[in-house]
Each structure stands twice: as C-alpha cells, then as structure tokens.
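# Commentary on secondary and tertiary structure
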Amino acid sequence: MPAVGFLCALMFFSCARYDAPLMSLAAFETRLSRTIVTRDARTFFSFFIPAKAVKDVAALRAMPFRFALDPGDVMGSFADKGVFFRRIFSDFASSMASELPASGAYPVRYDIHRKAARVVACIRYGGERSHAHALEYVALWQGGEWRLLTINIDDASAGQR
Amino acid sequence: MRPYAVIIIVLLACGCTNESLSRKRAMIALYSEAITAAADGDSAWFASRSIDPGILTNGFRTAVRSNEFTSFAYDPEVDADRGSVIMPAAAGGYWVLAMNFDESVHRWRIIRIEKSGR
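Analysis parameters
Residues numbered from 1 in each chain as written. Chains lettered and ligands numbered in written order. Predicted model: local features only at pLDDT ≥ 70, side-chain atom pairs only at ≥ 80, totals over all residues. Helix = DSSP H or I, 4+ residues; strand = E, 2+ residues; numbered from the N terminus. Buried ≥ 20, exposed ≤ 12 C-beta atoms within 10 Å, placed from the backbone. Contact = placed C-beta atoms within 7 Å. Expected span 1.5 Å × (residues − 1). Bend = angle between axes of the 7 residues up to and from the residue. Pairing = 2+ DSSP bridges. Nonpolar A, V, L, I, M, F, W, Y, C, P; charged D, E, K, R; others polar. pLDDT = per-residue confidence, 0-100. Axes fitted to C-alpha atoms, helices over the stretch in contact; angles between N-to-C directions. Core = buried A, V, L, I, M, F, W, Y, C linked by C-beta atoms within 7 Å.

## Some thoughts on the overall build of chain A
When you go through chain A residue by residue, the secondary structure sums to seven helices and four strands. Counted from the first residue to the last, chain A has its helices and strands arranged as α-α-α-α-α-α-α-β-β-β-β. Taking all 161 residues of chain A together, 32% fall into the buried category. Long-range contacts, defined here as pairs at least 24 residues apart, represent 52% of the contacts in chain A between residues at least 6 apart.

Below you can see the structure in the form of structure tokens.
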C-alpha cells in the first residue's frame, strides 16, 4: 500500500508540470483523424459540442479564430450530404478520408488560442498544398475535455493544388 | 492472405499510429515543461538541457507569461525528426522553439530557442 501511495504521488508530481489541455490535444486529434479515415460518422458527430452547451459564445467570437458556423450548421451540412460531407467523408480522391494515411503519420498543425480560462485549438492536417490542409477543425476545451466547435473551409490558404 | 500476414500488417499499422501519437505527445510535453520552467525562471532546467539560461532574460519569459497564442507543427512526411513551436513575442515577431527527435534516446530535444521576425 505505501508503494501505491508513492507511485500516485510520483505520478501527480510528474504531471504537475504539464498543461492538461495541451497534453490531451494530440490524443484528441488522433481520435478525430481516425474517425475520419474510417468514415465513422457516428463517432465523428459525438465529438461536436451541442451548440447550447457552448459557454460564453460572445467571448469566444471575440477571440482571434474563425467561428462562422455553429456545431448544428456543420452537422446539418453532413446530414444533407453537403460540402462538409464531400470534403471529409466522401469517396472523392480529394476528401480527407481518402487523403489521410491510415497509419496516422501525417503532418499536423495546432494553433492554440488562450483567453483567460478559455482554450481553443485550430487543427489542420496535411501539407500546405494538400486538400486536407484547407479544412480547419476548431476544438474547444470545456469541462476537462476537447470538443469540436466548428469546421472552417479555407481553400485560399491551401496554396496551389 | 495468410492470417499471420494480416496480424503483422495490423500490428505495423498500430505501431505507426502509436509512434506518431507518442511523438506528438512527447513534443507537446517538452514544450509544456519548457514554458513552465520559463515562467518559473528555472534556469537550471534550461542549463541541464544545454540551453543558455540567458534566454530567460531577453524577453522569452515575458512572452511565455503573456502568451495567448501558440502554434505547433509536426510533419512526419517531410522529416519525422523535426518539430517546431511558434509563439508571439511581446515586442513583435515570434519566438521559435526548434526541436529534434533523438532516436538514440527516443526523446525530443530543444535545439534552439530564438526570436525571429521584427
């Protein structure tokens, strides 16, 4: 029993230097990309935070990241087989599900914005010239976990493709 | 295809995924340690990693304390052994933490912290 207590204390102090939102971001992003590659729509939808659960929307919109569509708008587009469905889940060669390697070894960029206790991560996959790079997944740290807030499409930033 | 071949392929796929995730996590962990050490003014942390502790007196610490934006880039397609973290400097420009993955000890090292831009 003392050994267990010692190990717990050791784990606590070894984790104390780390930032919880940051440390769990890579795991969230990996789960997100895996659901895209496997076209697991049910799990993908479960990542979205319900629009009503988003706290202090006005403060979030004041932060320097794009938040044009709320989670309901994005999921509605999927349901209608709209642009988000075509760009992420479809069988087109340019869709993210077709483009990302199943191995999980792909370029990824996290842009993290902080304002007081609010932390938002904008995640982009693929090299700058890839189709995947044009999609920006915006995740919100709320209630001790990452949830998907919105997705932005930004073809202009994807360079010449 | 023989069953053992399928098992090997699955194991290789899982291995690649876990390797990629663990590298990303390890990179973030090192960054997290570095900014905590900078915020605390822990010069011993930097010295023990062969980084000039003088970095704490030239604006990096201020940037860490007021940091509202950080950008991580990890690109295994181009070079799996390199990563970078970018954060804005208070007086303009950016701080760049360049990292290399040391295969021999299987961990990231900060090879350079420098200010770029204005």
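## Brief notes about helix H2 (residues 20-37) of chain A
Residues and elements named next belong to chain A. If you check H2, its first and last C-alpha atoms are 26 Å apart, about what 18 residues at 1.5 Å a residue would give, namely 26 Å. At Ala-26, H2 shows its maximal bend, which comes to roughly 30 degrees. Once H2 finishes, Arg-39 follows within two positions and takes phi at roughly 55 degrees, a positive value.

## Looking at the pairing of strand S2 (residues 82-88) of chain B
Residue and element names in this part refer to chain B. Burial of S2 is one-sided: the residues Gly-83, Val-85 and Met-87 facing one way are buried, the residues Arg-82, Ser-84, Ile-86 and Pro-88 facing the other way are not. Summarising the sheet, strand S1 (residues 69-74) and S2 pair through four bridges and their orientation is antiparallel. Among the inter-strand pairings, Phe-72 is bridged to a residue of S2, identified as Val-85. Pairing of S2 with strand S3 (residues 94-102), which is carried by seven bridges, proceeds in the antiparallel orientation. Within S3, the position partnered with Met-87 by the bridge is Trp-95. What sits between S2 and S3 in their antiparallel hairpin is a turn of five residues, with Gly-92 showing a positive phi close to 100 degrees.

## Some words on the interface of chain A and chain B
The interface of chain A with chain B comprises 24 residues on the first partner and 22 residues on the second. Of all elements in the fold, only H2 and strand S1 (108-115) of chain A reach the threshold of two or more residues within the side of chain A that touches chain B. Each residue belonging to the side of chain A that touches chain B can be placed in one class, and the counts come to 13 nonpolar, five polar and six charged. As paired elements, S1(A) and S1(B) share six bridges and run antiparallel to each other. Each bridged residue has a counterpart across the sheet, and for A:Ile112 the counterpart in S1(B) is B:Thr70.

## Quick look at the confidence of the model for chain B
Segments scoring low in pLDDT should not have their predicted coordinates read at a detailed level. Residues and elements named next belong to chain B. Of all residues in chain B, 80% attain a pLDDT of 70 or more, and the chain-wide mean is 80. Within chain B, helix H4 (residues 76-79) has the poorest average pLDDT of any element, 69, and helix H2 (residues 43-47) the best, 91. Contacts of residues 8-16 to residues separated by more than four positions or lying in other chains number five contacts, the stretch itself having pLDDT below 50. For this predicted complex, the interface score ipTM comes out at 0.76, alongside a pTM of 0.82.

## Re the pairing of strand S4 (residues 145-153) of chain A
All names here are of chain A. Here strand S3 (residues 135-142) runs beside S4; their pairing, made up of eight bridges, is antiparallel. Following the sheet pairing, Gln-142 is matched in S4 by Glu-145. Counting the residues that bridge the hairpin from S3 to S4 gives two residues, and of these Gly-143 lies at a positive phi of roughly 65 degrees.

## Here's the deal with the sheet that holds S4(A)
With antiparallel pairing, the eight strands of this open sheet are ordered in space as S4(A)-S3(A)-S2(A)-S1(A)-S1(B)-S2(B)-S3(B)-S4(B). Whereas interior strands pair on both sides, the edge strands pair on one side only; in this sheet they are S4 of chain A together with strand S4 (107-116) of chain B. The sheet shows a mean angle of 20 degrees between the axes of neighbouring strands, taken without regard to direction. Bridging between S3(B) and S4(B) involves nine bridges; their strand directions are antiparallel. Bridging across to S4(B), B:Leu97 finds its partner in B:Ile113. With respect to the sheet, H2(A) is in contact with S1, strand S2 (118-125), S3 and S4 of chain A, its orientation differing from that of S2(A) by roughly 40 degrees.

## Topic: the environment of B:Arg82
Mapped onto the secondary structure, B:Arg82 falls in strand S2. Measuring from C-alpha to C-alpha, the distance between B:Arg82 and B:Tyr31 comes to 13 Å, with 51 residues separating the pair along the chain.

## Focus on the nonpolar core
Core analysis: the largest hydrophobic core is formed by 61 residues, its most contacted members being A:Leu25, A:Met96, A:Ala139 and B:Ile28. The element that contributes the greatest number of residues to this core is helix H1 (residues 3-40) of chain B, accounting for eight residues.

## So, unusual backbone geometry
Residue and element names in this part refer to chain A. The phi dihedral of Arg-39 falls on the positive side, at around 55 degrees, and the residue is not glycine. Summarising the element assignment, Arg-39 is placed in the loop between H2 and helix H3 (41-46). Owing to 15 C-beta atoms within 10 Å, Arg-39 belongs among the partly exposed residues under this scheme. Its identity as a non-glycine residue notwithstanding, Lys-81 has a phi of 55 degrees, on the positive side.

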